[in-house]
Amino acid sequence: MAFGLALQQGGKIRNLKGKFIVFEGLDATGKSTQVKRLSELLQREGLTVVTTREPGGTPLGEAIRRILLDNKNHALSSLSELLLFVASRHQLTKEVIRPALEAEKTVVSSRYMMSSLAYQGYGRGIDLDLIQQLNAAATTGLRPDFLFLIDVTPAVAINRMTTFGKKGGRRDRIEAEDIAFYERVQKGYLEAACEETGVYIIDGELTEEKIAEQVAVRLGFC
Ligand code: TYD
């Protein structure tokens, strides 16, 4: 089911130079595929594109990613987990995203600050105001120009993780959470999306091509 539609109506947006585009959604929703497809489309249009992902995207961020996803790290508290995601986000914003946008490049990222609201806020139960404050500090106020939330049900996401997961069905520390966790995360995404402008929710059960088409149309490619 498509939840619908651009919160902002309006004319075509052709100038994507210096714009920041983010994909969000549960695990196994095809975000990295869409990042790749969109960056190829934008490059064909003559734009210089930088792709990123969270957690990671910088040497420090990739080291933090390994800690966060390692199944052996049972001792990691929810607050430490949040702080690590935020640290990775700060490095990425400072080292990669801001400089690229300042150089008029287009940045396309898999995940950004809405992931922390959904996973650590709704999923783990950490205070949403605290997350907003940490996000604001980590990003120095940088917000996406366009945010695509690829929505699938938790059952579909878990089924994809176990059946087609990149790691041959092995689930990392966060993916190992149960369906109730993913239900809270999905609810968090949908609620957070309602509070933001410029968020476009896409039905993640559509084909890869259809999703790419909706993204392209929203960005003004017809
Ligand atoms: P991701 O790279 O999208 O997963 P994968 O490459 O394994 O498909 O994200 C890694 C995990 O981190 C994912 O389970 C979501 C989680 N996550 C959070 O819990 N909070 C955050 O702020 C971010 C950025 C990711």
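Relevant structure appears above.
Worth saying up front: this structure is predicted, and the values here are computed from it rather than measured. (Residues numbered from 1 in each chain as written. Predicted model: local features only at pLDDT ≥ 70, side-chain atom pairs only at ≥ 80, totals over all residues. Heavy atoms only, no water.)

Engineer: Residues and numbers for the environment of Cys 194, please.
Structural biologist: Along the polypeptide, Cys 194 turns up in helix α7 (residues 179-195). Sequence spacing of Cys 194 and Glu 95 is 99 residues, and the spatial spacing of their C-alpha atoms is 30 Å. (Helix = DSSP H or I, 4+ residues; strand = E, 2+ residues; numbered from the N terminus.)

Engineer: Please give an account of the site of the ligand that cites residues and values.
Structural biologist: Around the ligand, the structure places 17 residues, and the nearest of them are Asp 27, Arg 89, Arg 111, Ser 116 and Gln 120. Arg 111 has a polar side-chain atom sitting 2.6 Å from an oxygen atom of the ligand. In this structure, an oxygen atom belonging to the ligand sits 3.4 Å away from a side-chain N or O atom of Glu 175. Its free accessible area being 550 Å², the ligand has 95% of it covered by the protein chains. (Near = heavy atom within 4 Å. Polar contact = N/O pair within 3.5 Å; in protein donor to acceptor, adjacent residues only side chain to side chain. Areas by Shrake-Rupley, 256 points an atom, 1.4 Å probe, with all protein chains shown as cover.)

Engineer: Please provide a residue-by-residue account of unusual backbone geometry, values included.
Structural biologist: The omega torsion across Glu 54 and Pro 55 is -15°, close enough to zero to call that bond cis. Of note in this structure, Ala 28 is not a glycine but carries a positive phi near 60°. Within the element layout of this structure, Ala 28 appears in the loop between β1 (20-25) and α1 (31-44). By relative accessible area, which is 31% here, Ala 28 ends up partly exposed. Of note, Glu 104 is a non-glycine position whose phi angle comes to about 65°, a positive value. Here Glu 104 is to be found in the loop between α3 (78-102) and β3 (106-110). For Glu 104, a relative accessible area of 48% translates into the label partly exposed. (Buried < 20%, exposed > 50% of the residue type's maximum accessible area, 1.4 Å probe, protein only.)

Engineer: An account of the pattern of salt bridges is requested, with residue identities and associated values reported.
Structural biologist: Applying the stated criterion across every chain yields a total of 13 salt bridges. For the salt bridge of Asp 70 with Lys 72, the shortest nitrogen-to-oxygen distance reads 3.6 Å. Residue Asp 70 is classed as partly exposed on the basis of its relative accessible area of 26%. Residue classification places Lys 72 among the exposed positions, given a relative accessible area of 65%. In this structure, Arg 124 engages Glu 81 in a salt bridge whose closest nitrogen and oxygen atoms are separated by 2.8 Å. Residue Arg 124 is located in the loop between α4 (113-123) and α5 (128-139), and its partner Glu 81 is located in helix α3; the two are separated by 43 residues in the primary sequence. (Salt bridge = Lys/Arg side-chain N within 4 Å of Asp/Glu carboxyl O.)

Engineer: Can you lay out the pairing of β1 for me, pointing to particular residues and giving the numbers?
Structural biologist: With six of its six residues buried, β1 lies for the most part within the structure. Side chains Phe 20, Val 22 and Glu 24 of β1 all project onto a buried face; the interleaved residues Ile 21, Phe 23 and Gly 25 project onto the opposite face, where all are buried too. For β1 and β3, the ladder comprises four bridges, and the chain directions are parallel. Within β3, the residue paired with Ile 21 across the bridge is Val 108. Across five bridges, the pairing between β1 and strand β4 (residues 146-151) is parallel. Looking at the pairing, Gly 25 lines up with Ile 150 of β4. (Pairing = 2+ DSSP bridges.)

Engineer: So what's going on with α1? Which residues, and what values?
Structural biologist: With 14 residues, α1 should cover 20 Å at 1.5 Å per step; its first-to-last C-alpha distance of 20 Å lies within 8% of that length. Of the surrounding elements, those touching the buried residues of α1 are β1, β2 (49-53), β3, β4 and α8 (208-218). Trailing α1 by a residue or two, Gly 46 shows a phi angle of about 95°, which is positive. (Expected span 1.5 Å × (residues − 1). Contact = heavy atoms within 4.5 Å.)

Engineer: Any chance you could break down the sheet that holds β4 for me, citing the residues and the numbers?
Structural biologist: As summarised here, the arrangement of the five strands in space is β2-β3-β1-β4-β5, forming an open sheet in which the pairing is parallel. Looking at the sheet topology across the chains shown, the edges are occupied by β2 and β5 (199-203). Averaged over all adjacent pairs, the angle separating strand axes in this sheet is 20°, with direction ignored. The sheet contact formed by β2 and β3 spans five bridges and is parallel. Paired with Thr 52 across the bridge in β3 is Ser 109. Packing against the sheet, α3 makes contact with β1, β2 and β3, and its axis sits at approximately 160° to β2. Where α4 meets the sheet, it contacts β1, β4 and β5, and its direction lies at approximately 20° from that of β1. (Axes fitted to C-alpha atoms, helices over the stretch in contact; angles between N-to-C directions.)

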